[in-house]
Amino acid sequence: QVQLEESGGGLVQAGGSLRLSCAASRFSFTTYGMGWFRQAPGKEREFVAALPRSSTITYYADSVKGRFTISRDDAETTAYLQMNDLKLEDTAAYYCAATPYWGKITGSQEYGYWGQGTQVTVSS
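Source: prediction; values computed, not measured.

Enquirer: I'd like a rundown of the packing of aromatic side chains, residues and numbers included.
Expert: Considering all chains together, one arrives at eight aromatic pairs under this definition. Measuring from ring centre to ring centre gives 5.1 Å for Phe27 and Tyr32, while their planes differ by 85°; the resulting arrangement is edge-to-face. Its relative accessible area of 16% is what places Tyr32 among the buried residues. An aromatic cluster of at least three residues, connected via ring pairs, comprises Phe27, Phe29, Tyr32 and Tyr113. Lying over the aromatic face of Tyr95, Arg45 brings its terminal NZ or CZ to 3.9 Å of the ring centre. Against the face of Trp114 rests Arg45, its NZ or CZ located 4.7 Å from the ring centre.

Enquirer: Give a description of the environment of Gly117 that names residues and reports values.
Expert: As for its position among the elements, Gly117 is in the loop between strand 10 (113-114) and strand 11 (118-123). Given a relative accessible area of 27%, Gly117 falls into the partly exposed group. The spacing of Gly117 and Ala92 is 25 residues in sequence and 9.6 Å in space, taken between C-alpha atoms. In this structure Gly117 touches Glu6, Tyr94 and Tyr95, once residues within four positions along its chain are discounted.

Enquirer: Residue-level account of the state of the cysteines, with values.
Expert: Scanning the model with the defined rule gives one disulfide in all. With its sulfur 2.0 Å from that of its partner, Cys22 forms a disulfide with Cys96. Linking Cys22 and Cys96, the disulfide has an S-S dihedral of approximately 55° and is accordingly described as right-handed. With Cys22 in strand 3 (residues 18-25) and Cys96 in strand 9 (residues 92-99), this residue pair connects regions lying 74 residues apart in the sequence.

Enquirer: Kindly report on the sheet that holds strand 1 (residues 3-7), identifying the contributing residues and their values.
Expert: The four strands are arranged 1-3-8-7 in an open sheet whose pairing can be described as antiparallel. The open sheet has two free edges, formed respectively by strand 1 and strand 7 (68-73), since each of these has just one partner strand. Sheet twist, expressed as the average angle between the axes of neighbouring strands with direction ignored, equals 15°. In terms of strand pairing, strand 3 meets strand 8 (residues 78-83) through six bridges, oriented antiparallel. Bridge pairing links Leu18 to Met83 in strand 8.

Enquirer: Can you break down the side chain of Arg72 residue by residue, with the values?
Expert: Mapped onto the secondary structure, Arg72 falls in strand 7. Of note is the side chain of Arg72, whose polar atom sits 2.8 Å from the backbone oxygen of Tyr32. Here the side chain of Arg72 touches Asp74 through a polar contact of 2.8 Å, side chain to side chain. Those residues in contact with Arg72 that sit more than four places away from it in its chain are Phe29, Thr30, Tyr32, Gly33, Met34, Leu51, Pro52, Arg53, Thr78 and Ala79.

Enquirer: Give me the side chain of Arg38: which residues, what numbers.
Expert: Structurally, Arg38 can be placed in strand 4 (residues 33-39). A polar contact is formed between the side chain of Arg38 and the side chain of Ser63, at a distance of 3.4 Å. When sequence neighbours within four positions are dropped, the list of residues in contact with Arg38 reads Glu44, Arg45, Glu46, Val48, Ser63, Val64, Phe68, Glu89, Asp90, Ala92, Ala93 and Tyr94.

Conventions adopted
Residues numbered from 1 in each chain as written. Predicted model: local features only at pLDDT ≥ 70, side-chain atom pairs only at ≥ 80, totals over all residues. Heavy atoms only, no water. Phe/Tyr/Trp six-rings, centres within 6.5 Å; stacked < 30°, edge-to-face > 60°. Buried < 20%, exposed > 50% of the residue type's maximum accessible area, 1.4 Å probe, protein only. Lys NZ or Arg CZ within 6 Å of the ring centre and 35° of its normal. Helix = DSSP H or I, 4+ residues; strand = E, 2+ residues; numbered from the N terminus. Contact = heavy atoms within 4.5 Å. Disulfide = S-S within 2.5 Å. Pairing = 2+ DSSP bridges. Axes fitted to C-alpha atoms, helices over the stretch in contact; angles between N-to-C directions. Polar contact = N/O pair within 3.5 Å; in protein donor to acceptor, adjacent residues only side chain to side chain.

Pasting the structure below:
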């Protein structure tokens, strides 16, 4: 069965950095766009970043633009989210997801495959 496994979360001080990884297996990774979402306690899941297949064009939520970078390594079937200058409000569970659609895909309903999530906690 399809598998997306996130790693790299943890506890970090405000202003610090983390790099999340999303290892994919058992589906055609190169034919899917990848996205990252996050969900804080008591809040809805929200879009963070997206990178379509066969593209270098990236999309970001306004709240993370300039601080986060999404990337992918098709040879390693892995997606990444580099997070710099982390803020308290970035605290959330982070999920990677895969979509068969191309373009600026920000709606969670457009993503068919999801990982289990990794917790990111930013402290003051």
